[in-house]
Amino acid sequence: MYSGRRLKEALFTVTIITLSVAAIAPVLHIVYTVLVNGVSVIVKAGLRFFTDLPPTPGSAEVGGIAPAIAGTILITAIAFPLSVVLGLFSAILTTEFPKNPLSLLVDTIARSLASVPTIAISMVIYTVIVVPMRSFSALASALALTIVALPYTYTYFSAALRSVPAMYREAAFSLGMSRWDTVTRVLIPISRRIIAAGALTTLARIMGETAALLFTAGRFRGGVAISLTAPVDAIPLLIFDYILSPYEIWHEVAWGASALLLLSYLAIFMSVKLMVKEVKL
Amino acid sequence: MLAVEIEHLNVYIRHAHILKNVTLRIPKNTVFVIMGPSGSGKTTLLKVINRLIDFTEGVRVEGVVRVLDIDALKADPYELRKRIGMVFQTPNPFPHLTIYENVAIAAKLNGVARSKRELDEIVRWALEKAMLWDEVKHRLHAYPHQLSGGQRQRLCLARALAMKPEILLLDEPTANIDPINARKLEEAIVSLKDEVTVVMVTHSPHQAARVADYIAVLYDGRVVEQGPAQQLFLRPSTEITQKLLRGEM
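Presented here is an overview of the structure given in this document. Since this is a predicted model, take the numbers as computed values, not measurements.

**A few points about the layout of surface pockets**
Link 1 in the chain: By volume, the largest pocket amounts to about 420 Å³.
Link 2 in the chain: The wall of the largest pocket is formed by 16 residues, among which Glu96(A), Arg169(A), Arg179(A), Phe55(B) and Thr56(B) lie closest to the centre.
Link 3 in the chain: When residues of the lining of the largest pocket are traced back to their parent elements, those giving at least two are α3 (66–96) and α7 (166–174) of chain A.
Link 4 in the chain: A per-element tally of the lining of the largest pocket places α7(A) first, with four residues.
Link 5 in the chain: For the lining of the largest pocket, a count of residues per class yields six nonpolar, two polar and eight charged.
Link 6 in the chain: Reported here for the second largest pocket is a volume of approximately 230 Å³.
Link 7 in the chain: Ile30(A), Val34(A), Gly208(A), Pro236(A), Ile239(A), Trp255(A), Ser258(A), Leu261(A), Leu262(A) and Tyr265(A) are the residues that line the second largest pocket.
Link 8 in the chain: Counting residues per element, the lining of the second largest pocket draws most heavily on helix α11 (residues 248–275) of chain A, which supplies five residues.

Rendered as structure tokens:
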């Protein structure tokens, strides 16, 4: 009987380890491939990878992806805070007033948006923003990305707020705290680690999203755009275009750009993990 | 002088009739104990006094509840709660705040302390009143998870006291802590009644005997007996009270 139990325990442990390795192996393979192919390109190009324009197909030098880097930073700088703020306020509304008709509407819209293909969102923004403005733009791209990101921030943040045990909410109210104080001084700080993780996942999603930019960004690679109303480039768009091209040099640039995106994710994840302390209940 | 005056209070949660025609008078600066078996409506009664009952889904409250001479059912609940502290059955100090911050937050939010020095004084006063100061004075910046369950509960008492409340509601505050910590908490409660009216829920007759000035016995949502503690212990007038005091309920 005893040895049977031990055998079961061992079998369980082995199964868990095997499945965990099987789950994580593809991710590790992707990280490895991107880093091996991409970091060498960045090293070869040096600082110019961050400051130069992309190479022409016949060029011998790798050049850089400055327009794409600038475009991604510009678009992310608008879309990320916008989706975090909108997601957070929507989450507060639906968790604090779950029976309110507006909450039900917000919840339905946010959940529906998650199932809309991002390319469809790109088309809608093309019709509503790009056509009337007669130009692709950073603004149109940022709006498309905000719509793509909103269901993520909303879902993560409402799960984070709901994860706080009810006894802390009661304690806050018993001290005379208003709803606003309860949310900002108690619920958000207690769930800050989950909120930070949700915000980061959204950031990664915004930085890496391609389809939402297809009909909105404009792929301007002739210089570094800093205007909200002018066409821009973005790293994922550049990767998409270059990897599909027949030119070896553009393939190299695409690998370098992928590695840069991946390294940025890792740097952001690691720094937030170190900075945001977990709250021990 | 009454701190709380309740008349013909009926509380319904969805279709269940939780409190039935409850009438109670709680004199100021006393320890008023509400006794009763599980499910008799003790916690609901406390939550009516500070209007935490508002957060219960499907609740309906009827009757008159006067707290500190104001109509509690019509008052602004947030303002009302600033005058009433509460300690819950399970210790619930804020886990993201240090020991100092847990106590200070109540004083700060309610405008009890205006300067850092005043705040330091209130924090020390509240921790001393809760009999916790000596145990935490050298680690005020530690977090609650580093304290024992009993210390966490006394921290909650200090947090409630830092609001400088006029009424303190205690919902079985010693139910989840060890006997030594329970004794310290009881001593703190008794020492408080000069400054605050204490309304405490317990199902322990021994504890009621140690701390109570007045007792109300609640059974199935009704007050079956109330009066001075000594009188109730010496001459209980109902069979339910007799059973409760013998520990048979």
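**Quick notes on a nonpolar patch on the surface**
Link 1 in the chain: On the surface, a cluster of nonpolar side chains totalling about 500 Å² of accessible area is made up of Ile119(A), Met123(A), Tyr126(A), Val131(A), Phe136(A) and Phe215(A).
Link 2 in the chain: Mapping Ile119(A) onto the fold places it in helix α5 (residues 118–133).

**Details of the nonpolar core**
Side chains of a nonpolar character, in soluble globular proteins, are inclined to be buried together.
Link 1 in the chain: Membership of the largest hydrophobic core comes to 77 residues, with the highest contact counts inside it found for Val33(B), Phe94(B), Leu127(B), Leu157(B) and Ile215(B).
Link 2 in the chain: Looking at this core element by element, the count peaks at eight residues for helix α3 (residues 99–109) of chain B.
Link 3 in the chain: Not counting residues within four places of it along the chain, the set of residues in contact with Phe94(B) comprises Tyr168(A), Ala171(A), Ala172(A), Leu175(A), Met177(A), Val186(A), Asn102(B), Ile105(B), Pro144(B) and Arg159(B).
Link 4 in the chain: By size, the runner-up hydrophobic cluster in this structure holds 32 residues, among which are Val4(B), Leu19(B), Ile34(B) and Ala72(B).

**A short note on the sheet that holds strand β8 (residues 197–202) of chain B**
All names here are of chain B.
Link 1 in the chain: Within the open sheet, the six strands sit side by side as β6-β7-β8-β3-β9-β10. Their pairing is mixed. Pairing within the sheet leaves two strands with one partner each, and these edge strands are β6 (84–87) and β10 (222–228). With direction set aside, neighbouring strand axes in the sheet form an average angle of 15°.
Link 2 in the chain: Across five bridges, strand β3 (residues 31–35) lies against β8 in parallel orientation. Bridge pairing in β8 places Phe 32 opposite Val 199.
Link 3 in the chain: With respect to the sheet, helix α1 (residues 42–49) is in contact with β3, β6, β7 (167–171), β8 and β9 (214–219), its orientation differing from that of β7 by roughly 155°.

**Remarks on the packing of α3(A) against helix α4 (residues 101–114) of chain A**
All names here are of chain A.
Link 1 in the chain: At their nearest, the axes of α3 and α4 sit 9 Å apart, and the two run at 130° to each other. As far as their axial angle goes, α4 and α3 are oblique. When you trace α3 past α4, the crossing you get is left-handed. Seen from α3, the contacting residues are Ser 90, Leu 93 and Thr 94; seen from α4, they are Leu 102, Ser 103, Val 106 and Asp 107.
Link 2 in the chain: Its residues assigned to classes, the contact of α3 with α4 shows three nonpolar, three polar and one charged.

**Details of empty space enclosed by the protein**
Residue and element names in this part refer to chain A.
Link 1 in the chain: Enumeration over the complete set of coordinates arrives at one cavity of 30 Å³ or more.
Link 2 in the chain: Taken as a whole, the largest cavity spans an internal volume of roughly 30 Å³.
Link 3 in the chain: Of all the secondary-structure elements, those providing two or more residues to the lining of the largest cavity are α3 and α9 (192–208).
Link 4 in the chain: Looking at which element gives the most residues to the lining of the largest cavity, the answer is α3, with three residues.

**Overview of the interface of chain B and chain A**
Link 1 in the chain: The partner chain A presents 23 residues to the 26 residues of chain B that form the contact.
Link 2 in the chain: The junction of chain B with chain A conceals about 2,100 Å² of combined surface from both sides, 67% of it contributed by carbon and sulfur atoms.
Link 3 in the chain: Glu170(A) is the partner of Lys47(B) in a salt bridge, and the nearest nitrogen-oxygen pair spans 2.5 Å.
Link 4 in the chain: The interface formed by chain B and chain A includes five residue pairs in polar contact (both at pLDDT 80 or more).
Link 5 in the chain: Those elements that place two or more of their residues in the side of chain B that touches chain A are α2 (77–81), β6 and α3 of chain B.
Link 6 in the chain: Of the residues forming the side of chain B that touches chain A, the biggest block, three residues, is contributed by α3(B).
Link 7 in the chain: A per-class count over the side of chain B that touches chain A returns 15 nonpolar, six polar and five charged.

**Quick notes on the pattern of salt bridges**
Residues and elements named next belong to chain B.
Link 1 in the chain: One pass over the structure, following the stated rule, counts 34 salt bridges over all chains.
Link 2 in the chain: Residue Glu 172 pairs with Lys 42 through a salt bridge whose shortest N-O separation is 3.9 Å. Remark: Lys 42 occurs in helix α1 and Glu 172 occurs in the loop between β7 and α7 (179–192); sequence separation between them is 130 residues. The same class applies to Glu 172 and to Lys 42, which are both buried.
Link 3 in the chain: Close ionic contact of Glu 166 with Arg 83 constitutes a salt bridge, the shortest N to O distance being 2.8 Å.

**Here we look at the pairing of strand β1 (residues 2–13) of chain B**
Taken residue by residue, a regular strand's side chains alternate between the two faces of the sheet.
All names here are of chain B.
Link 1 in the chain: Judged from the eight bridges that link them, β1 and strand β2 (residues 16–27) form a sheet pairing that is antiparallel. Bridging across to β2, Tyr 12 finds its partner in His 17.
Link 2 in the chain: Counted between consecutive antiparallel strands, the loop separating β1 from β2 contains two residues, among which Arg 14 sits at a positive phi close to 50°.
Link 3 in the chain: In this sheet, strand β4 (residues 59–67) lies alongside β1 in antiparallel orientation, the contact comprising eight bridges. Residue pairing in the sheet places Glu 7 in a bridge with Val 64 of β4.

**Overview of the packing of α3(A) against helix α8 (residues 179–190) of chain A**
Residue and element names in this part refer to chain A.
Link 1 in the chain: α8 packs onto α3 with a crossing angle of 110° between their chain directions and a minimal axis gap of 12 Å. One finds that α3 runs roughly perpendicular with respect to α8. Here α3 runs over α8; the crossing is right-handed. Residue-level inspection shows Leu 88, Phe 89, Ile 92 and Glu 96 of α3 in contact with α8, the latter providing Arg 179, Trp 180, Val 183, Leu 187 and Ile 188.
Link 2 in the chain: Partitioning the contact of α3 with α8 into residue classes produces seven nonpolar, no polar and two charged.

**Re the environment of Val183(A)**
Residues and elements named next belong to chain A.
Link 1 in the chain: Tracing the chain through its elements places Val 183 in helix α8.
Link 2 in the chain: Owing to a relative accessible area of 2%, Val 183 belongs among the buried residues under this scheme.
Link 3 in the chain: Look past the residues within four positions of Val 183 in its chain and what remains in contact with it is Ile 92, Glu 96, Ile 188 and Pro 189.

The rules behind the values
- Residues numbered from 1 in each chain as written.
- Chains lettered and ligands numbered in written order.
- Predicted model: local features only at pLDDT ≥ 70, side-chain atom pairs only at ≥ 80, totals over all residues.
- Heavy atoms only, no water.
- 1 Å grid on protein atoms, 1.4 Å probe; cavity = no way out; pocket = protein on both sides within 12 Å on 5 of 7 lines; lining within 4 Å.
- Points joined across faces, edges and corners; volume = space filled by probe spheres on them.
- Helix = DSSP H or I, 4+ residues; strand = E, 2+ residues; numbered from the N terminus.
- Nonpolar A, V, L, I, M, F, W, Y, C, P; charged D, E, K, R; others polar.
- Patch = residues over 30% accessible without salt bridge, like charges linked within 9 Å, V, L, I, M, F, W, Y side chains within 5 Å.
- Areas by Shrake-Rupley, 256 points an atom, 1.4 Å probe, with all protein chains shown as cover.
- Salt bridge = Lys/Arg side-chain N within 4 Å of Asp/Glu carboxyl O.
- Core = buried A, V, L, I, M, F, W, Y, C linked by side-chain atoms within 4.5 Å.
- Buried < 20%, exposed > 50% of the residue type's maximum accessible area, 1.4 Å probe, protein only.
- Contact = heavy atoms within 4.5 Å.
- Pairing = 2+ DSSP bridges.
- Axes fitted to C-alpha atoms, helices over the stretch in contact; angles between N-to-C directions.
- Parallel < 35°, antiparallel > 145°, perpendicular 65-115°, else oblique.
- Left-handed = near helix turned anticlockwise from the far one by under 90°.
- Buried area = accessible area lost by both parts, 1.4 Å probe.
- Polar contact = N/O pair within 3.5 Å; in protein donor to acceptor, adjacent residues only side chain to side chain.

Nothing here speaks to function; it is all geometry.
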